[in-house]
Amino acid sequence: MALDKSILAEYKQAGTILSQALAHAKTLIKVDANILEVCQAVEKKIHDLGGSIAFPAQPSIDHIAAHWCPDPGSQEVFEEGMLVKFDVGVHINGRIADSAFSVDLSDDGRHQALIRASKNARDEALKMMKPGVTLAEIGRVIQDEITAEGFSPVRNLSGHGLGEYDVHVAPSIPNFDTGDKTELEEDMVLAVEPFATPGKGKIFEQDQGNIYGYKQFKPVRSPYAREALKIIEEYNGLPFTLHWLAARMGTGQAKLALRELVQKDVLEVYPPLQEVSSGIVSQSEHSVIVADKPIVYTRE
Ligand code: CO
């Protein structure tokens, strides 16, 4: 049994748009480029190509593995020596494509091996996305590719299933051999994303962040929070970031609204994920549909 043709077409369309948007991102991520402006340009590109954004562009830098977004009005720029991960999602009618690449902004190519480690791990794992392969076998291959380059996989980050309007569903795809004998099944839609580091290979959540997820509806009183909720409904329960809301209702009001919505448990915060030993982290990611011939639909 294969996926319905119209559903498959939506995944492929989301993947093609994402691939084109990431190609655009690669031309923009340069030393001295304003980080917020790059994110906004890539998100605009997704819209212009007819896609919807599944989650905000996240240009996480160096020892931040994921979940970092610039604040509204940020003047931060990319700097020489940085390793930048760029991760963003596109959806068509809730069918999500999720992909990320790493870029070495050093003069001397010092991050090349680290980037190669996560990329090799991803590409070898993608070849295994066939029915009957176990999660442990996939994790083992990812781990072996990364350790072959002299680095460690980040063990408490994993790939994940992609649901309808849901960025994280079962199964988790481990980046090391967990011994899990769960088998892949035909038509599972998965994001494969190995992270490699010269550090300890573990991340923790920072205290604060500016990426939000929708938890549950609850009535709210303040006009700001109500206005924010109306805007948030447009995101279909998918994650969003402060600078999106700030562009719609002003930074001060957006911050007040978000604080109230988090307090009321309507929203949850996804803080930046930092490597415990401040090791630099690389990430490479594609989305794939499990089949005897795996369909990697974010690879152009
Ligand atoms: Co991703």
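Our subject is the structure listed above.
The text that follows walks through the structure, step by step, so that each part is easy to find. (Residues numbered from 1 in each chain as written. Predicted model: local features only at pLDDT ≥ 70, side-chain atom pairs only at ≥ 80, totals over all residues. Heavy atoms only, no water.)

### Some details on the overall build of the protein
So, step 1. For the protein, the helix and strand inventory stands at seven helices and 17 strands.
So, step 2. Its C-alpha radius of gyration of 19 Å places the protein within 12% of the 19 Å reference for a compact globule of 300 residues.
So, step 3. Expressed as lengths along the three principal axes of its C-alpha atoms, the size of the protein is roughly 55 × 50 × 35 Å.
So, step 4. Counting over 300 residues, the protein shows a buried share of 54%.
So, step 5. Approximately 13,200 Å² of the protein is accessible, and the part contributed by carbon and sulfur atoms is 47%. (Helix = DSSP H or I, 4+ residues; strand = E, 2+ residues; numbered from the N terminus. Rg over C-alpha atoms; globule rule 2.2 N^0.38 Å. Buried < 20%, exposed > 50% of the residue type's maximum accessible area, 1.4 Å probe, protein only. Areas by Shrake-Rupley, 256 points an atom, 1.4 Å probe, with all protein chains shown as cover.)

### Section: helix α3 (residues 112-127)
So, step 1. For α3, with 16 residues, the first-to-last C-alpha span of 23 Å sits near the 22 Å given by 1.5 Å per residue.
So, step 2. Every buried residue of α3 is accounted for by Leu114, Ile115, Ala117, Ser118, Ala121, Arg122, Ala125 and Leu126. All buried residues of α3 project into a common sector of 155° when viewed along the axis, lining one side. (Expected span 1.5 Å × (residues − 1). Arc of directions from axis to C-beta.)

### Regarding the sheet that holds strand β12 (residues 240-241)
So, step 1. Judged by pairing direction, the sheet is antiparallel, and its three strands sit side by side in the order β12-β11-β13 without closing on themselves. For this open sheet the edge positions go to β12 and β13 (267-269), each flanked by a neighbour on one side alone.
So, step 2. The sheet contact formed by strand β11 (residues 211-214) and β13 spans three bridges and is antiparallel. Residue pairing across strands places Tyr212 opposite Val269, the latter belonging to β13.
So, step 3. Along the sheet face, helix α7 (residues 251-263) touches β11, β12 and β13 and points at about 100° away from the line of β13. (Pairing = 2+ DSSP bridges. Contact = heavy atoms within 4.5 Å. Axes fitted to C-alpha atoms, helices over the stretch in contact; angles between N-to-C directions.)

### Things to note about the coordination of the cobalt ion
So, step 1. Coordination of the cobalt ion by the protein involves Asp87 (OD), Asp87 (OD), Asp98 (OD) and Glu285 (OE), with metal-donor separations of 1.9 to 2.5 Å.
So, step 2. Coordination at the cobalt ion is irregular: its four donor atoms span angles of 56 to 157° at the metal.
So, step 3. In the primary sequence, the donor residues of the cobalt ion line up as D-x10-D-x186-E. In this pair, Asp98 sits in strand β4 (residues 95-104) while Glu285 sits in the loop between β15 (282-283) and β16 (286-289), placing the two residues 187 residues apart along the sequence.
So, step 4. Taking relative accessible area as the criterion, Asp98 reaches 2% and is therefore assigned buried. (Donors = N, O, S within 2.8 Å, 3.2 Å for Na, K, Ca; no water. Tetrahedral: all angles 85-135°; square planar, octahedral: opposite > 155°, others 65-115°.)

### Observations concerning the sheet that holds strand β9 (residues 195-197)
By way of backbone hydrogen bonds, the strands of a sheet pair with one another, either parallel or antiparallel.
So, step 1. Across the sheet, which stays open at both edges, the three strands sit in the order β5-β9-β15 with antiparallel pairing between neighbours. Only two strands of the sheet have a single partner each, and these edge strands are β5 (152-153) and β15.
So, step 2. Sheet analysis places β9 next to β15, joined by two bridges and oriented antiparallel. The partner of Phe195 across the bridge, within β15, is Gln283.

### Concerning the pattern of salt bridges
So, step 1. According to the stated counting rule, one finds 14 salt bridges in the structure shown.
So, step 2. Between Asp48 and Lys44 there is a salt bridge, and its shortest N-O distance comes to 2.8 Å. A residue pair is termed a helical-turn pair when its members lie 3 or 4 positions apart in one helix, as Asp48 and Lys44 do in helix α2 (residues 35-48) at four residues.
So, step 3. The shortest N-O distance in the salt bridge between Arg110 and Glu80 comes to 3.4 Å. Of this pair, Arg110 sits in the loop between β4 and α3 while Glu80 sits in the loop between β2 (64-66) and β3 (83-92), and the two are 30 residues apart along the sequence.
So, step 4. Look at Arg110 and you get partly exposed, because its relative accessible area is 46%. (Salt bridge = Lys/Arg side-chain N within 4 Å of Asp/Glu carboxyl O.)

### Concerning the packing of aromatic side chains
So, step 1. Counting across every chain of the model gives five aromatic pairs.
So, step 2. Linked through ring pairs, Tyr212, Tyr235, Phe240 and Trp244 together constitute an aromatic cluster.
So, step 3. Over the face of the ring belonging to Phe101 we find Lys26, whose NZ or CZ atom lies 4.8 Å from the ring centre.
So, step 4. Between Arg155 and the ring centre of Phe176, over which it is positioned, the NZ or CZ distance is 4.5 Å. (Phe/Tyr/Trp six-rings, centres within 6.5 Å; stacked < 30°, edge-to-face > 60°. Lys NZ or Arg CZ within 6 Å of the ring centre and 35° of its normal.)

### What about the side chain of Ser99?
So, step 1. Relative to the assigned elements, Ser99 resides in strand β4.
So, step 2. Classification of Ser99 by relative accessible area gives buried; the value is 4%.
So, step 3. Residues contacting Ser99, with those up to four places away along its chain left out, are Leu18, Leu22, Phe86, Asp87, Val88, Glu285, His286 and Thr298.

### Points about the packing of α3 against helix α4 (residues 135-148)
So, step 1. Across the interface, α3 lies against α4 with an axial gap of 8 Å and an inter-helix angle of 150°. With respect to α4, the element α3 is oriented roughly antiparallel. α3 and α4 meet at a crossing whose hand is right-handed. Residues Ala117, Asn120, Ala121, Glu124 and Ala125 of α3 form the contact with α4, whose participating residues are Ile138, Val141, Ile142, Glu145 and Ile146.
So, step 2. Among the residues making up the contact of α3 with α4, the classes are represented as seven nonpolar, one polar and two charged. (Parallel < 35°, antiparallel > 145°, perpendicular 65-115°, else oblique. Left-handed = near helix turned anticlockwise from the far one by under 90°. Nonpolar A, V, L, I, M, F, W, Y, C, P; charged D, E, K, R; others polar.)

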